[in-house]
Amino acid sequence: MKKATSIILTGSLPLILGAAVILGWYGHISMLIPVMPGGVNMVFNTALCFVLAGFAVLMAQLPAQPSKYSNIIIGVALILIAGLTICQDIFHFSLGIDELFMKVWLHDQSSFQGRMGGDTSTAFILAGVTFILLPFSKKKWIATLVQALIFCVFLLGISALLGYLLKIEFLYRWSRYTWMSVHTAVGLTVLALGLWSLWSRSEGYEILYNGKEDKKILLFSCIILFSIALLAGLSGFAIAVQYENMSVNDSFNQQLAIVLPIMLLAIIMGMVLLYKQMTHLIHKAIHSERHAKITDVLLQANEERLNAIIDHATVGMAIASRDGKWIKVNPALCKLLAYKHDELLKVGFQAIASNENTSGDLEIIQQMLANEITDHQSERLHLQKNGAAIWLSVHFSILHSANKEPLCFIVQVQNITSQKAAENKLNYIAYHDQLTGLPNRAQLEPVFNKAIATAQRHRQKLGVLLLNLDHFKEINDRLGQDNGDLLLKAVAERLSTCVRGADIIARLGGDEFVLILTEVITFENIVTVVDRIYLALSEPIVIKGKKATVTASIGISCYPFDGEDAPMLLKNAGLALKYAKANGRKTHQFYSAMA
């Protein structure tokens, strides 16, 4: 059965039982008060305590968990009701607690409600103390006490039931004047099970049930002995109070005759309750001890093997503590970071921390310690101790204990400088023209779109110049393809000198270039750049001792007048370029002038 279901059931039954008996007292329904015909009545105060205790157990299952103060208030209420009742028995005077609720709430006194029994009062006092201590069971001694108190409540209820079944009167009658009823015994037994269900969900339960097996066995034994001593002492005290008019010898013999069976019964019941758990733990402890030496040998062998693997690994490997200090580093990591072994151990995790994203590294570590992620890999540019820059691939993983507690970090570090260089080279090839080194068509698109977005945000203009060399095919045929490539390279260099750093220049292919002029104020600014281009190209280009002169035709479109996106602006600049070529070449043409 799930814990939530057990809590609901064990909280509902005492609550319903108490409410039914209260209804019986209010409505004078005699069958609800004793449950069994001719049986002992459940007194009004007992029924009220069951309602409070059952309500407290059920509150633990509410969507919004009650605060610890709710448990404390209900616990204090139980102690007051039961404690004042038992004080009346001990000190032989009346505080009116027996008839308090009946006098206040009922106008007729047709039935005397009676007094709560001493064993019942004791059980509710122990239950009240349990409710008060449950929120504070993080401390081990409180956790131990809570478990013992719950065990005592259960023993009081189940022993009274056995007394009725076996017709042993002293088990349910501590006093000659008050008895525990059958339904009170059932209610206390179920209430104890409900308290245990609540207890098993608390942090104190995890404290006691997460240690070594031999410690658990010792703990259970202490709880049993403590509970037996407490119950025997309480029963003996109650007997001494109730039988004080006897002679000394009779009183002592009577106490001894009753206390000894109670202690014997408590021992038997305690062993039965914990038999399954105790035998499992004892078996586990014996089994663990039997295999301890074998395990130690295997662990030692595994540790030696692990050290050998780490020391001889070709990649940098290390084991780091939870606070970022190196526990072990291998020679490959020392060589990679240019540290000596002892120096690296002193530096700790900072030796590979990213200077640009230290906070990000710390956040990742916190997530791993919180079991939110199990591993993490990153690439970072790192400066060695000697100042040399290298690229590292760093992989973190975390090692957990059997209880899923984080123990240490396992770190693997690889030098990926050559891979990064190859990656950068491929990236450069993909986005740059091989001949001129200018951005190609693939790179032009994103930078063009970014320039348009910036111009739109700042309400600026852009100038798009599409440039084509005049009669390049004839020049290329005359010079040869190799020399023609050198000519294109020289043209690219001269075009680059005609624009600012914020402007964009790219080669689209063949002898076609595009220039994007940013932060244009007037059309005259574009004409100034065009004149600069013509002047730069007017000087002869010397290729292998031979001079060559080139001219260019230019088509121009402007953002936002001739288009609001890159494809439209390039298309309209192309139309303007065709118009310029058709009108004698070596000239420029604005698209807006054609419209």
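Residues numbered from 1 in each chain as written. Predicted model: local features only at pLDDT ≥ 70, side-chain atom pairs only at ≥ 80, totals over all residues. Heavy atoms only, no water.

Another point: helix H6 (residues 140-166). The terminal C-alpha atoms of H6 lie 38 Å apart, and with 27 residues this matches the ideal 39 Å at 1.5 Å per residue to within 8%. Once H6 finishes, Lys-167 follows within two positions and takes phi at roughly 60 degrees, a positive value. (Helix = DSSP H or I, 4+ residues; strand = E, 2+ residues; numbered from the N terminus. Expected span 1.5 Å × (residues − 1).)

So, about the confidence of the model for the protein. For the protein, per-residue confidence averages 76 on the pLDDT scale, and residues scoring 70 or more make up 72% of the total. Across residues 107-111, confidence stays below pLDDT 50; counting only partners more than four residues off in sequence or on other chains, it has five contacts. Note on residues 294-299: pLDDT under 50 across the span, and zero contacts to partners over four residues away in sequence or across chains. (pLDDT = per-residue confidence, 0-100. Contact = heavy atoms within 4.5 Å.)

Turning next to the packing of aromatic side chains. Per the counting criterion, the structure on display carries three aromatic pairs. Ring centres 5.7 Å apart and planes at 70 degrees place the aromatic pair Phe-523 and Phe-590 in the edge-to-face group. Pair noted here: Phe-523 is in helix H19 (residues 523-538) and Phe-590 is in strand S12 (residues 588-590), with a separation of 67 residues, a long-range link. Its relative accessible area of 37% is what places Phe-523 among the partly exposed residues. Accessibility expressed as a relative area gives 14% for Phe-590, which makes it buried. (Phe/Tyr/Trp six-rings, centres within 6.5 Å; stacked < 30°, edge-to-face > 60°. Buried < 20%, exposed > 50% of the residue type's maximum accessible area, 1.4 Å probe, protein only.)

Looking now at the sheet that holds strand S6 (residues 461-469). Within the open sheet, the five strands sit side by side as S7-S8-S6-S11-S12. Their pairing is mixed. Strands at the two margins of the open sheet, each flanked by one partner only, are strand S7 (504-509) and S12. Neighbouring strand axes in the sheet, compared pairwise and without regard to direction, differ in orientation by 20 degrees on average. Packed onto the sheet, helix H16 (residues 441-458) meets S6, S7, strand S8 (512-520) and strand S11 (552-559) and runs at close to 145 degrees relative to S7. (Pairing = 2+ DSSP bridges. Axes fitted to C-alpha atoms, helices over the stretch in contact; angles between N-to-C directions.)

Take the environment of Phe-136 next. On the secondary structure map, Phe-136 appears in the loop between helix H5 (118-133) and H6. Residues Phe-136 and Val-146 lie 10 residues apart in sequence; the distance between their C-alpha atoms is 9.8 Å.

Turning next to the pattern of salt bridges. Counting across every chain of the model gives three salt bridges. A salt bridge links Asp-433 to Arg-507, with the nearest nitrogen and oxygen atoms 3.1 Å apart. With Asp-433 in the loop between helix H15 (417-431) and H16 and Arg-507 in strand S7, this pair connects stretches of sequence that are 74 residues apart. Of the two residues examined, Asp-433 and Arg-507, each falls in the buried class. For Lys-581, the salt bridge goes to Asp-470, with nearest N and O atoms at 3.8 Å. With Lys-581 in helix H20 (residues 566-582) and Asp-470 in the loop between S6 and helix H17 (472-479), the pair connects residues that are 111 residues apart, well separated along the chain. The exposure class of Asp-470 is buried, given its relative accessible area of 3%. (Salt bridge = Lys/Arg side-chain N within 4 Å of Asp/Glu carboxyl O.)

By size, the foremost hydrophobic cluster in this structure holds 52 residues, and its most contacted members are Leu-78, Met-116, Phe-124, Phe-131, Val-146, Leu-191 and Leu-198. Broken down by element, this core gets its largest block of residues, 11 residues, from H6. What Phe-131 contacts, discounting residues up to four positions off in sequence, is Ala-53, Ala-56, Val-57, Asn-71, Gly-75, Leu-78, Leu-195 and Leu-198. In this structure, Leu-487, Leu-517, Val-529 and Phe-590 belong to the second largest nonpolar core, which totals 35 residues. (Core = buried A, V, L, I, M, F, W, Y, C linked by side-chain atoms within 4.5 Å.)

Secondary-structure assignment places Thr-120 in helix H5. The buried category is assigned to Thr-120, whose relative accessible area is 2%. Beyond its immediate stretch of four places on either side in the chain, Thr-120 contacts Thr-46, Met-180 and Thr-184.

Over its 16 residues, H19 extends 23 Å from the first C-alpha to the last, a length consistent with the 22 Å expected when each residue adds 1.5 Å. What H19 keeps buried is the set Ile-526, Val-529, Val-530, Ile-533, Ala-536 and Leu-537. Down the axis, H19 shows its buried residues gathered within 125 degrees of arc, on one side only. Across H19 from its buried face, at more than 90 degrees, point the exposed residues Glu-524 and Leu-535. (Arc of directions from axis to C-beta.)

So, about the environment of Gly-24. By the secondary structure assignment, Gly-24 is in helix H1 (residues 3-27). Taking relative accessible area as the criterion, Gly-24 reaches 0% and is therefore assigned buried. Considering only alpha carbons, one finds Gly-24 and Pro-34, 10 residues apart in sequence, at a separation of 9.3 Å. With sequence-adjacent residues up to four places away left out, Gly-24 is seen in contact with Ile-29, Leu-32 and Ile-33.

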